[in-house]
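# A look at the structure
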Amino acid sequence: MSGGPKTPWQDGRGSKDRSITKSNEASNAFSHQTGGAAKAVDAAGPFLIGEAMTGGYGGADILHECTIAADTGQIAVIVGPNGAGKSTAMKAVFGMLTLREGHVRIGGEDITALTPQDRVAKGMAFVPQTSNVFPSLSVEENLEMGAFLRRDDFRGTMAQVYDLFPILKEKRRQAAGELSGGQRQQVAVGRALMTQPKVLMLDEPTAGVSPIVMDELFDRIIEVARTGISILMVEQNARQALEIADKGYVLVQGRNAYTGTGAELLADPEVRRTFLGG
Ligand SMILES: Nc1ncnc2c1ncn2[C@@H]1O[C@H](COP(=O)(O)OP(=O)(O)O)[C@@H](O)[C@H]1O
Ligand SMILES: [Mg+2]
């Protein structure tokens, strides 16, 4: 794909529309706000934020005033040791966990009380760490499943997914379960993009893939971010992920341990020594 400010996850309809939203308004990523007076949205602050999130799975709290955020068109990366609560933080942002305290906001709107499905309608897409494709369905059927909430013609979006991941087009009739790990992750990301999200949340998208496939997938993720979609990503490959991160979060025991730009965290001697292997 060539560079430039295009917005491939939009349908062809209304090519003047430079937003990544599902709305027809040629406004900005805030156009999901309820109409009229609500235009006076608080546009300050990041597009997506889980703020001071505290909660867990019913027992002891796993998250402790944990804050993670992603700005429009930026890549935010969450790293940290196993069991730190990275996946839990993602689930909390997506509404799969009831928070005891804290808020989740998208485009200034408080969505803390919404179900995951309602958050999808607000523009969130989540690719979980495991079981993120339907193995017995074909690649194309997986992408169609991603579009289940859409009532419009999604063929344009599917073509864009195939542009981004050409191998998926080649294998579109093949069962997703027969693909390599890296290709399955492409299916999962592609399925998420079928909703035309404003925010793409990825939990360890490069788990179990080779370094070459990881680099390739990161390049595609950068490409997606350039279209104006916010990326919130958990990664085990901390160093490589922070290299492409606008913002990085190191979580330890459910708390924010370090926060900064990717470059700042990579340069921080303490972060390097403790989390990046020197
Ligand atoms: N479904 C669950 N029910 C209860 N506890 C869980 C559940 N999922 C994760 N946990 C616990 O929450 C903590 C954080 O886990 P997780 O968010 O998966 O960490 P990470 O993704 O950083 O490896 C761990 O102690 C884990 O055992
Ligand atoms: Mg995890």
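Everything below is about the structure shown above.
Residues numbered from 1 in each chain as written. Chains lettered and ligands numbered in written order. Predicted model: local features only at pLDDT ≥ 70, side-chain atom pairs only at ≥ 80, totals over all residues.

All right, on to the overall build of the chain then. Helix and strand content of the chain: 10 helices and 10 strands. Sorting the 278 residues of the chain into buried and exposed places 42% on the buried side. Across the chain, contacts joining residues at least 24 apart in sequence account for 67% of those joining residues at least 6 apart. (Helix = DSSP H or I, 4+ residues; strand = E, 2+ residues; numbered from the N terminus. Buried ≥ 20, exposed ≤ 12 C-beta atoms within 10 Å, placed from the backbone. Contact = placed C-beta atoms within 7 Å.)

The next subject is the site of ligand 1. Close to ligand 1 lie Y57, I62, G80, N82, G83, A84, G85, K86, S87 and T88, which account for all nearby residues. For the shell around ligand 1, the leading source of residues is helix α1 (residues 86-94), giving three residues. Among the residues making up the shell around ligand 1, the classes are represented as three nonpolar, six polar and one charged. (Near = placed C-beta within 6 Å. Nonpolar A, V, L, I, M, F, W, Y, C, P; charged D, E, K, R; others polar.)

Moving on, we come to the sheet that holds strand β10 (residues 255-260). Strand order across the open sheet formed by six strands is β6-β7-β8-β3-β9-β10, with mixed pairing between neighbours. The outermost strands of the open sheet, each flanked by one partner alone, are β6 (124-127) and β10. With direction set aside, neighbouring strand axes in the sheet form an average angle of 15°. Bridge count between strand β3 (residues 75-79) and strand β9 (residues 247-252): four bridges; the pairing is parallel. Note that in β9 the partner of V79 across the bridge is V250. Sheet strands in contact with α1 are β3, β6, β7 (199-203), β8 (230-234) and β9, and its direction is about 150° off that of β7. Helix-sheet contacts for helix α6 (residues 181-193) involve β6 and β7, and the interaxial angle to β6 is about 165°. (Pairing = 2+ DSSP bridges. Axes fitted to C-alpha atoms, helices over the stretch in contact; angles between N-to-C directions.)

Most of β3 is tucked away: five of the five residues are buried. Bridge count for β3 against β8 is four bridges, and the pairing is parallel. The residue of β8 that forms the bridge with I78 is V234.

This brings us to the sheet that holds strand β1 (residues 48-56). In space, the four strands of this open sheet follow the order β2-β1-β4-β5, with antiparallel pairing throughout. On the outer flanks of this sheet lie β2 (61-70) and β5 (109-110), each paired with one strand and no other. As judged from the two bridges shared by strand β4 (residues 99-106) and β5, these two strands associate in the antiparallel manner. Looking across to β5, one finds that I106 is bridged to E109. Most of the contacts of α1 go to β2, to which it runs at about 70°, and overall it touches β1, β2 and β4.

Note that all results are geometric; they support no functional claim without further evidence.
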